[in-house]
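Residue-level listing of the chains:
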Amino acid sequence: QVQLVESGGGLVQAGGSLRLSCAASGGTVSSLAMGWFRQAPGKGREFVAAITSSGGRSAYPDSVKGRFTISRDNAKNAVDLEIHSLNAEDTAVYYCAASRYYSPNYHITYAYDYWGQGTQVTVSS
C-alpha cells in the first residue's frame, strides 16, 4: 500500500514562493505517475501538475503554467511542487496523488489510486 505525506505548506505573502514536498512509501514508488491537486474552500479538487514515473514528462493546466514546477527524485521517493508568484487564488489545500498506471486523464482525480492528506497553503495579501 502506497502512502503519501505532503509537507511544506504554510502562510506566505503574495508574490512569494513555496516548495511543497510529497514523501512516498510502500510499493514500487518509482513506477508511479504522480500528480498534485488543490482544493480551495467551497470548490472542487483542481489539477495543478503531473509527472510521469521517469520524470521525463510533466503537465500543467494553463492557469498555473509558468508559475508551478513539478519534479521528482525517485532515489528519495519524493515529488516536489514549486510555486512562484503566489496570489490569493492559490490559497488551498494541496494534495499529492499517485497512479499505478499512466493515464491520459492525468488531470482528473479518478486517474489516481493513492492520495495524501494534504497540506494547507494560505497566501496573504
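Residues numbered from 1 in each chain as written. Predicted model: local features only at pLDDT ≥ 70, side-chain atom pairs only at ≥ 80, totals over all residues. Heavy atoms only, no water.

K.L.:
Could you clarify how one ought to interpret the overall build of the protein chain in this entry?
P.N.:
Helix and strand counts for the protein chain come out as 0 helices and 11 strands. Listing the helices and strands of the protein chain from first to last along the sequence gives β-β-β-β-β-β-β-β-β-β-β. Scaling as 2.2 N^0.38, a compact globule of 125 residues should have a C-alpha radius of gyration of about 14 Å, and the protein chain matches this with 13 Å. Considered along the principal axes of its C-alpha atoms, the protein chain spans approximately 40 × 25 × 25 Å. Put simply, the protein chain has 125 residues, and 42% of those count as buried. Accessible surface, the protein chain as shown: approximately 6,400 Å² in total, 48% of it carbon and sulfur. For the protein chain, the centre of its 10 positive side-chain charges and the centre of its 9 negative side-chain charges are spaced 3 Å apart. (Helix = DSSP H or I, 4+ residues; strand = E, 2+ residues; numbered from the N terminus. Rg over C-alpha atoms; globule rule 2.2 N^0.38 Å. Buried < 20%, exposed > 50% of the residue type's maximum accessible area, 1.4 Å probe, protein only. Areas by Shrake-Rupley, 256 points an atom, 1.4 Å probe, with all protein chains shown as cover. Lys, Arg positive; Asp, Glu negative; His and termini not counted. Charge placed at Lys NZ, Arg CZ, Asp CG, Glu CD.)

K.L.:
I would appreciate a short explanation of the layout of surface pockets in the present structure.
P.N.:
Any space left empty among the atoms is revealed by the rolling of a water-sized probe across them. Considered as a void within the structure, the largest pocket measures approximately 160 Å³ in volume. Forming the boundary of the largest pocket are 15 residues, of which Ala 50, Ile 51, Thr 52, Tyr 102 and Tyr 106 lie nearest the centre. Looking at the lining of the largest pocket, the elements with two or more residues in it are β4 (33–39), β5 (45–51) and β6 (58–59). When its residues are assigned to classes, the lining of the largest pocket shows 10 nonpolar, 4 polar and 1 charged. (1 Å grid on protein atoms, 1.4 Å probe; cavity = no way out; pocket = protein on both sides within 12 Å on 5 of 7 lines; lining within 4 Å. Points joined across faces, edges and corners; volume = space filled by probe spheres on them. Nonpolar A, V, L, I, M, F, W, Y, C, P; charged D, E, K, R; others polar.)

K.L.:
Teacher, can you tell me more about the state of the cysteines here?
P.N.:
Disulfides are covalent bonds that connect the sulfur atoms of two cysteines. Using the criterion set out here, one finds 1 disulfide in the structure. Disulfide pairing is shown between Cys 22 and Cys 96; the S-S distance is 2.1 Å. Residues Cys 22 and Cys 96 are joined through a disulfide that is left-handed, its torsion about the S-S bond being -75 degrees. Placement of the pair is Cys 22 in strand β3 (residues 18–25) and Cys 96 in strand β9 (residues 92–99), with a sequence separation of 74 residues. For Cys 22, a relative accessible area of 1% gives the class buried. The class for Cys 96 is buried, based on a relative accessible area of 0%. (Disulfide = S-S within 2.5 Å.)

K.L.:
Whenever I open this one, the environment of Ile 70 confuses me. Can you help?
P.N.:
Structurally, the position occupied by Ile 70 is in strand β7 (residues 68–73). For the pair formed by Ile 70 and Ile 83, sequence separation is 13 residues and the distance between their alpha carbons is 9.0 Å. Every residue in contact with Ile 70, bar those within four places of it in the chain, is listed here: Met 34, Trp 36, Ala 49, Ala 50, Ile 51, Ser 58, Tyr 60, Val 79, Asp 80 and Leu 81. (Contact = heavy atoms within 4.5 Å.)

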